[in-house]
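Spelled out from the first residue to the last, the chains are:
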Amino acid sequence: MLKTRIITALILAPIAIGGIFFLPPLGFALFTGLIIAIGAWEWANMAGLTSQAARFGYAAVVAAVLYLLYQPLAWVNWVALVWWGICLLLVRSYPKGTDRWSPVPVRALMGVLVLVPAWVGLNQLRNGDVEFGRLDNNLLVILYVFCIVWVADIGAYFAGRAFGKAKLAPRVSPGKSWAGVWGGLAAVAALATLCSLAAEATLMEGSLLVIASLLTGAISVLGDLLESMLKRHRGIKDSSQLLPGHGGIMDRIDSLTAAIPVFALLVGLLGWLRAGVA
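As the structure is a computational prediction, the values presented were derived from the model and not from experiment. (Residues numbered from 1 in each chain as written. Predicted model: local features only at pLDDT ≥ 70, side-chain atom pairs only at ≥ 80, totals over all residues. Heavy atoms only, no water.)

Chemist: Break down the overall build of the protein chain for me, citing the residues and quoting the values.
Modeler: Counting its regular elements, the protein chain contains 10 helices and 4 strands. The C-alpha atoms of the protein chain give a radius of gyration of 18 Å, which matches the 19 Å a tight globule of 278 residues would have. Counting the 278 residues in the protein chain, one finds 50% classified as buried. In the protein chain, the proportion of contacts linking residues at least 24 apart, taken out of those at least 6 apart, comes to 76%. Put simply, the protein chain shows about 13,300 Å² of open surface, and 71% of that area lies on carbon and sulfur atoms. Of note, the protein chain has its 20 positive side-chain charges centred 12 Å away from the centre of its 13 negative side-chain charges. (Helix = DSSP H or I, 4+ residues; strand = E, 2+ residues; numbered from the N terminus. Rg over C-alpha atoms; globule rule 2.2 N^0.38 Å. Buried < 20%, exposed > 50% of the residue type's maximum accessible area, 1.4 Å probe, protein only. Contact = heavy atoms within 4.5 Å. Areas by Shrake-Rupley, 256 points an atom, 1.4 Å probe, with all protein chains shown as cover. Lys, Arg positive; Asp, Glu negative; His and termini not counted. Charge placed at Lys NZ, Arg CZ, Asp CG, Glu CD.)

Right, dumping it as C-alpha cells:
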C-alpha cells in the first residue's frame, strides 16, 4: 500500500505542480475543469448511471455548471461547508439512512455538491490576492492546501499502522482508525507551524493557520469516507480504472474535494485571501 501511494504521488505531483505554476488563470481553470469533468464521469457510475451516454451526459452537465460559476463566488464555499457537515452525519449513520440518498438523482446531486465547490474554491485561490506574513504568492497557497492533504494522508498511514486499533468508520472504510486521524492532524499541525515560520508570520497568524489547517485536514477525511461509502453502496472497489493499478481520478482527489473549498472559505474569513479577477 505504501509503495502504491508513493508511486501515485510521484506520478501525479509533477502534473499538479506543473499545472499550478506554468498555466495562466484561464488555462489553469480549463486544466482543473477537465480533471473535475473526468471525476464527474466517474461519479456518474457511483451514482448508478451505468451507460456511457449517461455518464458523459452527467460530466457535460457538471462542466456546464463550472462554466457558469467561473467567478469569485464566496457563497459556494459556504454551501460546501454545510454539505460536508451533512456528509458527516451520513457517514456516521451508515448503513442507516441509505434509503434517503440511494436514489440515482440524489447521488447525482451529491456529486455536484462535491465536485463543483472544489473547482470554484481552487480557482478562487488561483485568482485571489493572498497576504499571509510575507507570503503573497497564491500559487504557493494552492500547493499548501495540497500538502495538507498529502501530509495528513502520510501521517495517518504511519500512525494507523503503529497504533490503529480503534476503527474510525468500520462500516464505511475498515482500514481507517482514530489513531490515523490524530497522527495525520499532528503532521498537519507541524506543517502549518513550519510554513508559518517560513512566511515570517506573526504568532497570531501562525496560530490561526494551524487551526485552519487542522480543520481542513479533518474535513479532508470526510471526502475520502464519502467516496468509500458511495463505492461500498454501489458495490465497486475503485471509481474507475483510468489509472492502472491505482483506481480512478476520484480515488486520488476525494480528500481534496473536501479540503479545497473549506480552506478557501477559512482563509477568506481570516482576511488572507481577497477576491481577484477571474
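Chemist: Now, about the side chain of R55: what can you tell me, with residues and values included?
Modeler: Tracing the backbone shows R55 in helix α3 (residues 52–68). Discounting chain neighbours no more than four positions away, the residues touching R55 are W41, E42, A44, N45, L49 and T50.

Chemist: Can you explain the pattern of salt bridges? Please cite residues and give values.
Modeler: The final tally for this structure, using the stated rule, is 5 salt bridges. Salt-bridge contacts for E200 lead to R134; the nearest nitrogen and oxygen are separated by 2.5 Å. With a gap of 66 residues between them, E200 in the loop between α8 (178–198) and α9 (203–234) and R134 in the loop between β1 (129–130) and α7 (138–163) connect regions that are remote in the sequence. As far as the burial class goes, E200 and R134 line up, both exposed. For the salt bridge of E227 with K231, the shortest nitrogen-to-oxygen distance reads 3.9 Å. Residue E227 and its partner K231 are both found in helix α9; the two are separated by 4 residues, about one turn of the helix. (Salt bridge = Lys/Arg side-chain N within 4 Å of Asp/Glu carboxyl O.)

Chemist: Residues and numbers for the packing of aromatic side chains, please.
Modeler: This structure, assessed with the given rule, holds 9 aromatic pairs. Aromatic pair W83 and W84: ring centres 6.4 Å apart, planes at 55°, arrangement tilted. Overall, W83 belongs to the buried group, its relative accessible area being 7%. Judged by centre distance (4.7 Å) and plane angle (65°), the rings of F132 and W272 are edge-to-face. Of the two residues, F132 is situated in the loop between β1 and α7 and W272 in the loop between α10 (249–269) and β4 (273–274); the sequence distance between them amounts to 140 residues. (Phe/Tyr/Trp six-rings, centres within 6.5 Å; stacked < 30°, edge-to-face > 60°.)

Chemist: Let's hear about unusual backbone geometry: which residues, and what values?
Modeler: Here the amide bond leading from Y94 into P95 is cis, since omega sits at 10°, within 30 degrees of zero. Residue position: P95 is located in the loop between α4 (74–93) and α5 (98–101). Of note in the backbone geometry, E200 takes a positive phi value of approximately 55° without being a glycine.

Chemist: Summarise the nonpolar core; cite the residues concerned and give the values.
Modeler: Membership of the largest hydrophobic core comes to 49 residues, with the highest contact counts inside it found for W43, W83, W84, M110, L226, M229 and L230. Sorting the residues of this core by element identifies α2 (25–47), α3, α4, α6 (104–127), β2 (167–169), α8, α9 and α10 as the ones contributing at least two each. Looking at this core, the element that brings in the most residues is α2, giving 8 residues. Not counting residues up to four positions away in its chain, the partners in contact with W43 are Y58, R107, M110, G111, V114, L115, L226, L230 and M250. Residues A152, V188, A199 and V210 belong to the second largest nonpolar core, which totals 30 residues. (Core = buried A, V, L, I, M, F, W, Y, C linked by side-chain atoms within 4.5 Å.)

Keep in mind these values describe shape, not function.
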